Amino acid sequence: MSRIFWCLFFTAWPILGIVVSVISPQMNWGFPDNRESATPLGERIDDLFYLILCIVTIAFIGTMVVLAYVLWKASKNEDEKGWFSHGSHNLEVIWTIVPAGILLFIALYQMDVWAIYRVRDYDLKQQNSPRLNNLVAEVIARQFEWRIRYPAPGTVFKSKKQIDDWLAKPQAGDLYTVNHLHVPLNKETLIYLKSGDVQHSFFVPEMRVKQDAIPGQNIDIWFTVNRAGDFDLTCAELCGWGHYKMRGRVTAIEDFSGFLQKLKAEQDFDGISKSAGEIAATGQTQEVTR
Amino acid sequence: MSIRRHLLPYLVLVLMVAGCADQSAKFSSDRRIEELESASTDAANNLTTTLLEHFGTPNRLVSWSALPIDYGTVSGTVLSASGDQLRLSLETKPPAGLANVAVVFGENNPGPRLAVSYDSDSRMLTLAPGTKSDTLPPPGTRVRLIGHRLQQGRQSFMQHCMHCHGVAGDGFGPTARYIRNHKFNPMPRDFRRGLFKFTSTKDGIYASRDDLKRTVKLGLSGTYMPSFLLLSDAELDAVVEYVRFLAIRGETERRLLAHFQPLIDAKTPQDRQPLEQELNGAGFTEAFNDAVSLVAENWQAAEESDNVVLPTVARVPDGFESRKKGRDLFIGTKINCAKCHGPRGRGNGSFLNEIQENPETKKKYSEPGLFDNWENKVSPRDLTAGIYRGGRRPLDLFRRVTTGVKGTPMPGFAALKEEDRWHIVNYILSIPIAGVFPEKKHDHPDGDDHKADKPAPAPTKSTKGSGSPSKDK
Ligand SMILES: [Cu+2]
């Protein structure tokens, strides 16, 4: 009797686990704001995630079924002794080859996504590569804020060296903001990530973008946002006691050059020129530059 | 000022208790209070109780209409009253969770009550139990609920700012000591002088609400003061109001301590006795009223539009000619920014090798270099970095050149012609950009070698300097 109880007991838990997993999307039991990806690459990352989830689920259900079967069988027959399998060559080969095969499959299958995410600057070295001008901004993570610099509106980069020089030194007409990055909608975007002090990590969950900022390096991040709106930006590397303060926002907008023009008008404000309509005569504006 | 002095005793005094937080929390006081305590307990008690009465503690803030602080008021009328419950009709929507605010009936009722809570559905206000003599107002009485904004400000300040700026805004929060990892790293601001570095106001005028809000919103780039851009507007306003409250409280305290300074300085009990009588009696009341009205007036003046620095001449078009004129002023002997900032703006001028004297105490510093009013060592900005704490808009730099950086040796040049100030601004903005004024190999910190510089080609049309991006128009 008690053997059957234990058999059912241990079988009930995995069943409960699977039932909860299956109904949780309907019941809204996920993380808050668990929204769809805002980038096409993010969708592929999600697909990979679900693929791995499927593989793990199959393996989980398989092992649990075997476990339940063994328990059930043993509970029926009080006299049968267990089979001592330690040192079975065949078994060990099987459980090494099968997971290794699965791992190899995942490694090959995801390579494409990884390449699209990380290996994107392959043609930047070419003179006049059109992708040079996907450069939108430089983001400097520092304790405890994101300082952002855009090239002057209308800047055309003709070589990778010009980008490197731009990253190395401020240039005339650069535009500056803090904590709020704007990027163009539906357009491949390149930003360079730097650190002003220690390691940080640029994490935009809804865009499925996460990249460490490493002191002394200019790291390229590529993405294409295909949903307009605001996305939370956080620091995902514990960087000091003010880590939690590094809250930022990424906004994808259609009229990106219009945004730059507005920013420029704010930044060029001399207290008199009324070029930007919303600038009040007192010189106190709702500006975003400093 | 004299009108104010007569008014002071009649002004409303209101208390508000906040929540169930640790009621024993105190605004940490100036260290000199301990010195005063050992000189005269009476005087120290007098000072602390007076401050407590008018400003309260962090969890038991006091609002006081003598101060130019927007404590946050919701007004309305009483519909009905019974027991400790009042039904109200409020003119504006009160913030969610309105609680523990002061309730004032009528226009100038000196006996405010305390509200425990307000339920916006039933529009019922629950008062804290009053004394026997408290009578409930008849329906139709005007009512004001005071204090919600300062409470919200306190909340945000404790959450976001306290660990650097300290509970009392003295700049000694628990994390402040980690900030001094470099000798020129500025420490979190001590608000208690009413002195702020980056303002839009004229020389000698305090910071306006807009200035403080801009600082909190955008941070001071290049320092540990971070940007709080994503706080809501209401939260920013509230935290700014709380900063002003702390500054006013702290400055009042400082001024009262100055009043008692002779007592602290007195060596023997015989010296102290007559001083104690003189300083602690009517003299104290007068000193307190003077301090409060002076501080209140200073903060009020900062909000007046007359006191904002605004150019009357538009920015001179940026170009090589203008930058050259600016540079000539920068390194010339009359204005001589170079004596501090160095001939190339690297922040290494010859003035740094001299021993300066403290403008307040008139004592010489123990080492050469520049110090701000908080006695922290400061370095003239390295202008080649292109980082401007007070903002990079031409307007901001115009204001810097006009009024300097307040509380630091960086002077203002308000007497300079506006055009000349614009030339200087144009030059400053060009310093970080490569190739405007090519450098010689040896840049002597205080050398006169600039005379040998050859001007570079005009930089405005395009920055064709080595490898820099070109502009498409
Ligand atoms: Cu960080």
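Residues numbered from 1 in each chain as written. Chains lettered and ligands numbered in written order. Predicted model: local features only at pLDDT ≥ 70, side-chain atom pairs only at ≥ 80, totals over all residues. Heavy atoms only, no water.

Caption draft 1: Highlighting empty space enclosed by the protein. Residue and element names in this part refer to chain B. The final tally for this structure, using the stated rule, is two cavities of 30 Å³ or more. For the largest cavity, the calculated volume is near 510 Å³. Looking at the largest cavity, it is lined by 32 residues, and the ones nearest its centre are H165, R189, T215, L220 and M225. With six residues, the top contributor of residues to the lining of the largest cavity is helix α4 (residues 148–165). Residues belonging to the lining of the largest cavity are distributed by class as follows: 22 nonpolar, five polar and five charged. (1 Å grid on protein atoms, 1.4 Å probe; cavity = no way out; pocket = protein on both sides within 12 Å on 5 of 7 lines; lining within 4 Å. Points joined across faces, edges and corners; volume = space filled by probe spheres on them. Helix = DSSP H or I, 4+ residues; strand = E, 2+ residues; numbered from the N terminus. Nonpolar A, V, L, I, M, F, W, Y, C, P; charged D, E, K, R; others polar.)

Caption draft 2: Representation of α4 of chain B within the structure. All names here are of chain B. Taking 1.5 Å of rise per residue, the 18 residues of α4 would be expected to cover 26 Å, yet its terminal C-alpha atoms sit only 22 Å apart, more than 12% below that figure. When the local axis directions of α4 are compared, the greatest deviation, roughly 55 degrees, occurs at M158. All of the buried residues along α4 are H148, L150, Q151, G153, R154, S156, F157, H160, C161, H163, C164 and H165. Where α4 is buried, its residues touch β3 (60–64), β4 (73–82), β9 (142–146), α5 (176–179) and α7 (233–259). Trailing α4 by a residue or two, G166 shows a phi angle of about 85 degrees, which is positive. (Expected span 1.5 Å × (residues − 1). Bend = angle between axes of the 7 residues up to and from the residue. Buried < 20%, exposed > 50% of the residue type's maximum accessible area, 1.4 Å probe, protein only. Contact = heavy atoms within 4.5 Å.)

Caption draft 3: View of the sheet that holds strand β9 (residues 219–224) of chain A. Residue and element names in this part refer to chain A. Pairing in this open sheet of five strands is mixed, and the strands run β4-β2-β1-β6-β9 from one edge to the other. Whereas interior strands pair on both sides, the edge strands pair on one side only; in this sheet they are β4 (175–178) and β9. Put simply, the sheet's adjacent strands are angled 25 degrees from each other on average, direction ignored. Here six bridges tie strand β1 (residues 135–142) to strand β6 (residues 188–195), and the two strands are oriented parallel to one another. In the sheet register, L135 faces β6, and the bridge partner there is L190. (Pairing = 2+ DSSP bridges. Axes fitted to C-alpha atoms, helices over the stretch in contact; angles between N-to-C directions.)

Caption draft 4: Up close: the interface of chain B and chain A. Counting from both sides, the interface comprises 57 residues of chain B and, opposite them, 45 residues of chain A. Summing the contributions of chain B and of chain A, the shared interface buries around 4200 Å²; its carbon and sulfur component is 52%. At the surface where chain B touches chain A, the tally comes to zero salt bridges. Joining chain B to chain A, the criterion identifies 10 residue pairs in polar contact (both at pLDDT 80 or more). Looking at the side of chain B that touches chain A, the elements that each hand over two or more residues are α4, α6 (209–218), α13 (394–403) and β12 (470–471) of chain B. Considering every element that reaches the side of chain B that touches chain A, the biggest residue donor is α6 of chain B, with six residues. Of the residues contributing to the side of chain B that touches chain A, the split by class is 25 nonpolar, 20 polar and 12 charged. (Buried area = accessible area lost by both parts, 1.4 Å probe. Salt bridge = Lys/Arg side-chain N within 4 Å of Asp/Glu carboxyl O. Polar contact = N/O pair within 3.5 Å; in protein donor to acceptor, adjacent residues only side chain to side chain.)

Caption draft 5: Broad picture of the pairing of strand β8 (residues 209–213) of chain A. Residues and elements named next belong to chain A. Taking every second residue as pointing to the same face, the buried face of β8 carries V209, Q211 and A213, while none of K210 and D212 on the other face is buried. Relative to β8, strand β7 (residues 200–204) is paired through five bridges, and the arrangement is antiparallel. Opposite F203, over in β8, you have K210 as the bridge partner.

Caption draft 6: Looking closely at the environment of A236 of chain A. With respect to the helices, strands and loops of the structure, A236 of chain A is situated in the loop between β10 (229–235) and β11 (248–253). Apart from the residues within four sequence positions on either side, A236 of chain A is in contact with S201, F203, K210 and H243 of chain A.

Caption draft 7: Representation of the confidence of the model for chain B in the model. Residues and elements named next belong to chain B. Looking at chain B, the pLDDT average stands at 83 and 85% of residues meet or exceed 70. Here β12 stands out as the least confident element of chain B, with mean pLDDT 40; α13 is the most confident, with 96. Counting contacts from residues 1–13, a segment whose pLDDT is below 50, to residues more than four positions away or on other chains yields 27 contacts. Confidence drops under a pLDDT of 50 for residues 17–21, and excluding neighbours within four residues, the segment shows 13 contacts in the predicted structure. (pLDDT = per-residue confidence, 0-100.)

Caption draft 8: Up close: unusual backbone geometry. In the segment running from Q143 of chain A into F144 of chain A, the intervening peptide bond is cis, with an omega of 0 degrees. Mapping F144 of chain A onto the fold places it in the loop between β1 and β2 (145–150). Within the chain, R208 of chain A stands out as a residue other than glycine whose phi angle is a positive 55 degrees. With respect to the helices and strands, R208 of chain A occurs in the loop between β7 and β8. Positive phi is not limited to glycine here, since N336 of chain B has a value of about 50 degrees. Mapped onto the fold, N336 of chain B is located in the loop between α11 (320–331) and α12 (338–341). Exposure remark for N336 of chain B: the relative accessible area of 23% places this residue in the partly exposed category.

Caption draft 9: The arrangement of the nonpolar core in detail. If you look at the biggest cluster of nonpolar residues, it comprises 56 residues, and the most contacted ones within it are L36 and F245 of chain B. Considering each element in turn, this core owes the most residues, 11 residues, to α7 of chain B. Core analysis: the second largest hydrophobic core is formed by 39 residues, F144, V204, F231 and V250 of chain A among them. (Core = buried A, V, L, I, M, F, W, Y, C linked by side-chain atoms within 4.5 Å.)

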